[in-house]
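The primary structure of each chain is shown beneath.
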Amino acid sequence: MTIQWFPGHMAKARRQVTEKLKLVDVIFELVDARIPQSSANPMLGEIIHQKKRIIILNKADMADEAVTKKWIEFYRAQGLPAVAVNSWQGKNMHAIERAAQEVMAEKFERLRAKGMKPRAIRAMILGIPNVGKSTLINRLAKKNIAKTGNKPGVTKAQQWIKVGKSLELLDTPGILWPKFEDQSVGYKLALTGAIKDDLLQMEDIAAFGLAFLYQHYPRELATWLGLEQSLDDTTELLRLIAEKRHLMDRYHEPDYGRAAEAVVKEIRQQKMGRISFDIPEEIEEQANDEDHRDD
Ligand code: GDP
C-alpha cells in the first residue's frame, strides 16, 4: 500500500485537539454513517482519555437505514451513545443536544447537589476531513459562520455557538486523520469520497466496490446495471459498464480504466441507492478472528 500519512501533520493535529479538549465536557465524534468504522480514527479513545463521547453518524441520508440502526445498537451495547443525523438537511439535530444532556446528567446532578448553578454543556466536534464537520456546525448555528482563514499573526479566539438551551459548541472542529492499516478501509474511504482518488488505483477501488455490492447488495447492483442477475465477475462487470456507458478505446475495445472511473463516480453519486460499506457483523467477525489468532 502506497498511502503515507505524515507523522508531522498527525502530531500537530493531535496537539491541537488535546489543547481544545480542556475546554469541553463532551466530544461529538462525527463519522460517516456509511462507514462508521472506516471513517473513525482508532486512536480517538486514547486521545480523549476519559472525556465523554457521543458518536454522531452523519450523512445518514446516504446510508442504508437498516445498517445504521444496527450501528447505533452496536455502539450503545458498548456504552457509547450514538445518534444518526443528516446535517445537510438538518435532520434529527435535536437528538444531539438530548444525547449531550443524557451523558452529562450525572455530573451536573452532582454539581447541583453541591449547590452549584447549572451551566451550559460545552462540546466540540471531532472527525476526519469531509465527514461534514463544517456542515454540522453551520446547521447547529442556524446560520453560516464566516470562515476565517489562518492569518499569520492573528490569533483567533475560540468562539462558542449556543445550541438549544443547554449546549455550547466550539465553533472550530478538531480534525483527525483517517487511518488504514487495512486496504479495505482505504477503498471504503475512496468510494465515499473521503479521500482523493489519486491515493489508490482506480481499478482497485472499482473492483472492491463491485465485489462489495455483489456480496451485500446484489439486487441493487443488478438494477443499477440493468441486469437480470448480479454478477461477481469484476472484469465482466467492467466490460458491461464500458459498453453501456460507451467507454470504448480507439480499437473499439472496452476501456477498463474509464469504466472503473465511471463505477467509482456512480457509487459516490449513489446511483444504486443507499449503501453502507461498513457492516457491524463484519467488524465483529474480524474482531473474533483476531481474538482467535491470539489464542
Ligand atoms: P468537513 O471537512 O468535515 O468540514 O466536511 P464538510 O462540512 O465540508 O462536508 C463535506 C461534504 O459532505 C460537503 O459536500 C457537504 O455538503 C456534504 N455533507 C455534509 N453533511 C452531509 C449530510 O448529512 N448528508 C449529505 N448527503 N451530505 C452531507
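Cut-offs applied
- Residues numbered from 1 in each chain as written.
- Predicted model: local features only at pLDDT ≥ 70, side-chain atom pairs only at ≥ 80, totals over all residues.
- Heavy atoms only, no water.
- Helix = DSSP H or I, 4+ residues; strand = E, 2+ residues; numbered from the N terminus.
- Buried < 20%, exposed > 50% of the residue type's maximum accessible area, 1.4 Å probe, protein only.
- Contact = heavy atoms within 4.5 Å.
- Areas by Shrake-Rupley, 256 points an atom, 1.4 Å probe, with all protein chains shown as cover.
- Lys, Arg positive; Asp, Glu negative; His and termini not counted.
- Charge placed at Lys NZ, Arg CZ, Asp CG, Glu CD.
- Pairing = 2+ DSSP bridges.
- Domains from an automatic or database assignment.
- Buried area = accessible area lost by both parts, 1.4 Å probe.
- Polar contact = N/O pair within 3.5 Å; in protein donor to acceptor, adjacent residues only side chain to side chain.
- Nonpolar A, V, L, I, M, F, W, Y, C, P; charged D, E, K, R; others polar.
- Near = heavy atom within 4 Å.
- 1 Å grid on protein atoms, 1.4 Å probe; cavity = no way out; pocket = protein on both sides within 12 Å on 5 of 7 lines; lining within 4 Å.
- Points joined across faces, edges and corners; volume = space filled by probe spheres on them.
- Salt bridge = Lys/Arg side-chain N within 4 Å of Asp/Glu carboxyl O.

A.B. asks: Looking at this structure, how should I read the overall build of the protein chain?
C.D. replies: Helix and strand counts for the protein chain stand at 11 helices and 7 strands. Overall, the C-alpha framework of the protein chain stretches about 80 × 50 × 40 Å when taken along its three principal axes. A buried classification covers 45% of the 295 residues belonging to the protein chain. Put simply, of all contacts in the protein chain between residues at least 6 apart along the chain, 69% involve residues at least 24 apart. Summed over all atoms, the accessible surface of the protein chain reaches about 16,700 Å², with 49% contributed by carbon and sulfur. Computed over 45 positive and 42 negative side-chain charges, the inter-centroid distance for the protein chain is 14 Å.

A.B. asks: Would you explain the pairing of strand β6 (residues 167–170) in this entry?
C.D. replies: A regular strand places its side chains on the two faces of the sheet in alternate fashion. Neither face of β6 is open: one carries Leu167 and Leu169, the other Glu168 and Leu170, and all of them are buried. Both strand β4 (residues 121–127) and β6 contribute to a ladder of 3 bridges, which runs parallel. Across the sheet, Arg122 pairs through a bridge with Glu168, a residue of β6. Note that strand β5 (residues 160–163) and β6 share 4 bridges and pair antiparallel. Residue pairing across strands places Val163 opposite Leu167, the latter belonging to β6.

A.B. asks: How do you make sense of the domain arrangement of the protein chain when you look at a structure like this?
C.D. replies: Interface size is commonly expressed as the accessible surface area that is lost when the partners come together. Structurally, the protein chain comprises domain 1 (8–171) and domain 2 (201–277). Just the C-alpha atoms count here: the centres of domain 1 and domain 2 sit 35 Å apart. Roughly 680 Å² is buried in total at the junction of domain 1 and domain 2, and carbon and sulfur atoms are behind 41% of that figure. The largest contributions to the domain 1 side of the interface with domain 2 come from Arg34, Met62 and Asp64, which together make up 60% of the buried area. Across the domain 1-domain 2 interface, the total number found is 8 residue pairs in polar contact (both at pLDDT 80 or more). For the side of domain 1 that touches domain 2, the per-class residue count stands at 6 nonpolar, no polar and 4 charged.

A.B. asks: How do you make sense of the site of the ligand when you look at a structure like this?
C.D. replies: Every one of the 15 residues lining the ligand counts as a neighbour, but Asp61, Asn130, Lys133, Ser134 and Thr135 are closest to it. Between the ligand and the protein, one listed contact pairs an oxygen atom with a side-chain N or O atom of Asn86 at 3.2 Å. In this structure, Thr135 approaches the ligand through a side-chain N or O atom, which is 2.6 Å from an oxygen atom. Compared with its free state, where it exposes 580 Å², the ligand has 72% of that area covered by protein.

A.B. asks: Looking at this structure, I do not really get the layout of surface pockets. What am I missing?
C.D. replies: The gaps left among the atoms become clear once a water-sized probe is rolled over them. Its boundaries defined by the atoms lining it, the second largest pocket holds a volume of some 740 Å³. Lining the second largest pocket are 27 residues; nearest its centre among them are Gln37, Ser38, Ala40, Pro42 and Ile283. Contributions of two or more residues to the lining of the second largest pocket are made by β1 (26–32), β2 (52–58), α3 (65–77), α6 (183–191) and α11 (280–294). The element that contributes the greatest number of residues to the lining of the second largest pocket is α11, accounting for 4 residues.

A.B. asks: Help me understand the pairing of β1, please; the structure alone is not making it clear to me.
C.D. replies: Counting buried residues in β1 gives 7 out of 7 residues, a clear majority hidden from the surface. Residue alternation in β1 divides its side chains into two sets, Val26, Phe28, Leu30 and Asp32 and Ile27, Glu29 and Val31, and both sets are buried. Sheet topology note: the β1/β2 ladder contains 7 bridges and is parallel. When the bridges of β2 are listed, Asp32 appears paired with Asn58. Alignment of β1 against β4, held across 4 bridges, turns out to be parallel. Bridged to Ile27 within β4 is Met124.

A.B. asks: Please clarify how the pattern of salt bridges should be interpreted in this entry.
C.D. replies: Any two side chains of opposite charge can pair, given that their charged atoms come close. According to the stated counting rule, one finds 14 salt bridges in the structure shown. We note a salt bridge from Asp25 to Arg119, for which the minimum N-O separation is 2.9 Å. Of this pair, Asp25 sits in the loop between α1 (7–21) and β1 while Arg119 sits in the loop between α4 (94–113) and β4, placing them 94 residues apart in sequence. Among the residues examined, Asp25 registers a relative accessible area of 9% and is labelled buried.

A.B. asks: Looking at this model, I keep getting lost on the environment of Met116. Mind explaining?
C.D. replies: Tracing the chain through its elements places Met116 in the loop between α4 and β4. For Met116, a relative accessible area of 44% corresponds to the partly exposed category. Taking the C-alpha atoms as reference, Met116 lies 77 Å from His252; in sequence the two are 136 residues apart.

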